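Coordinate analysis (summary)
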Amino acid sequence: RGEATAEEMQRRFFQEAATTSRLSHPNMVRVYDFGETDGGFLFLAMERLVGETLQDIRESNVRTGTVMHDVEAANVGIAVLRSLGEAHAHGLVHRDLKPANIFLHEIAGGERIVKVLDFGIVKDIDASMTQAGKALGTPTHMSPEQAMGTPVDARSDLYALGVCLYECVTGTLPFMAENPLAIVMQHVTEPVTPVEKRLPGKVRPAIATVIERALSKLPDERY
């Protein structure tokens, strides 16, 4: 099928903006207003955040040859799960969870609050979406079922979070290849290398077990 028309894109924008504005968990970036200007421009007014994304932290760790402490990674994961819990309770799936969409927002006193960003391709499980919307996602963090174009649910987000946590604690993605299609196929067919094998003696077995179960190929084998 061809690309979505301007009308379809506009409809999707308003649907997704309305969806995101219903979410109010502290670990979710807030959407305050959205609409269309007199000049025909679509706008989205969101909470202003100060800090850095998990991707920024990952890149800094790569430069310094370090990895995130397993407990710190677990705490980020818990905060993300709380945010997703609200979305999933509304029947919504993020579909593009990755380090660039996880923001550590700095507040007074030096504390940081995890904020989940970019529900821009969020899919209402009960809603009809165009084919263009179904194809979206990031190959490095895409669940096997999303990669194969089969229906996805909350467990697909758990897989993507598992990928995020795996790369935080090991310093590398679970699957790497020269092109996106090869990465996608690895998500579908290749078993993940255990965390302990990638980074011996550095990650608590309990945390490694949680991450590896989240990366199960079959949704029924995840949490």
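To be clear, the structure that these remarks concern was listed above.
What comes next concerns the included structure.

This part takes up the nonpolar core. Counting 35 residues, the largest nonpolar core has Val80, Leu97, Ile102 and Ile211 as its most contacted members. If you list the elements that add at least two residues to this core, you get α2 (54-64), α3 (70-89), β5 (102-106), β6 (112-116), α6 (154-170) and α9 (205-214). Among the elements that take part in this core, α6 stands out by supplying nine residues, more than any other. Not counting chain neighbours up to four residues away, the residues in contact with leucine 97 comprise Val80, Leu84, Ile102, Val116, His141, Asp157, Ala160, Leu161 and Cys164.

Turning to the side chain of threonine 138, a few remarks are in order. With respect to the helices and strands, threonine 138 occurs in the loop between α4 (131-134) and α5 (144-147). A relative accessible area of 17% places threonine 138 in the buried class. The residues contacting threonine 138, other than those within four sequence positions of it, are Asp96 and Lys98.

Turning our eyes to something else, we now look at the packing of α3 against α6. The interhelical angle for the contact between α3 and α6, taken along N-to-C directions, is 165 degrees, at an axis separation of 10 Å. Between α3 and α6, the angle falls in the class roughly antiparallel. The interaxial crossing formed by α3 with α6 has right-handed handedness. Contacts from Asp70, Ala73, Gly77, Val80, Leu81, Leu84 and His88 in α3 reach Ala154, Asp157, Leu158, Leu161, Leu165, Cys168 and Val169 in α6. Each residue belonging to the contact of α3 with α6 can be placed in one class, and the counts come to ten nonpolar, two polar and two charged.

A separate point is empty space enclosed by the protein. Applying the stated rule across the entire model yields two cavities of 30 Å³ or more. Taken as a whole, the largest cavity holds about 70 Å³ of empty space. Contributing to the lining of the largest cavity are Arg95, Asp96, Leu97, Gly137, Thr138, His141, Met142, Ser143, Gln146, Ser156, Asp157 and Ala160. Looking at which element gives the most residues to the lining of the largest cavity, the answer is α6, with three residues. A breakdown of the residues in the lining of the largest cavity according to their chemical character gives three nonpolar, six polar and three charged.

We now examine α3. For α3, with 20 residues, the first-to-last C-alpha span of 28 Å sits near the 28 Å given by 1.5 Å per residue. Residues of α3 that are buried include every one of Asp70, Ala73, Val76, Gly77, Ala79, Val80, Ser83, Leu84, Glu86 and Ala87, and no others. In this structure, the buried side of α3 is in contact with α2, β4 (92-93), β5, β6, α6 and α9.

Procedures and definitions
- Residues numbered from 1 in each chain as written.
- Predicted model: local features only at pLDDT ≥ 70, side-chain atom pairs only at ≥ 80, totals over all residues.
- Heavy atoms only, no water.
- Core = buried A, V, L, I, M, F, W, Y, C linked by side-chain atoms within 4.5 Å.
- Buried < 20%, exposed > 50% of the residue type's maximum accessible area, 1.4 Å probe, protein only.
- Helix = DSSP H or I, 4+ residues; strand = E, 2+ residues; numbered from the N terminus.
- Contact = heavy atoms within 4.5 Å.
- Axes fitted to C-alpha atoms, helices over the stretch in contact; angles between N-to-C directions.
- Parallel < 35°, antiparallel > 145°, perpendicular 65-115°, else oblique.
- Left-handed = near helix turned anticlockwise from the far one by under 90°.
- Nonpolar A, V, L, I, M, F, W, Y, C, P; charged D, E, K, R; others polar.
- 1 Å grid on protein atoms, 1.4 Å probe; cavity = no way out; pocket = protein on both sides within 12 Å on 5 of 7 lines; lining within 4 Å.
- Points joined across faces, edges and corners; volume = space filled by probe spheres on them.
- Expected span 1.5 Å × (residues − 1).

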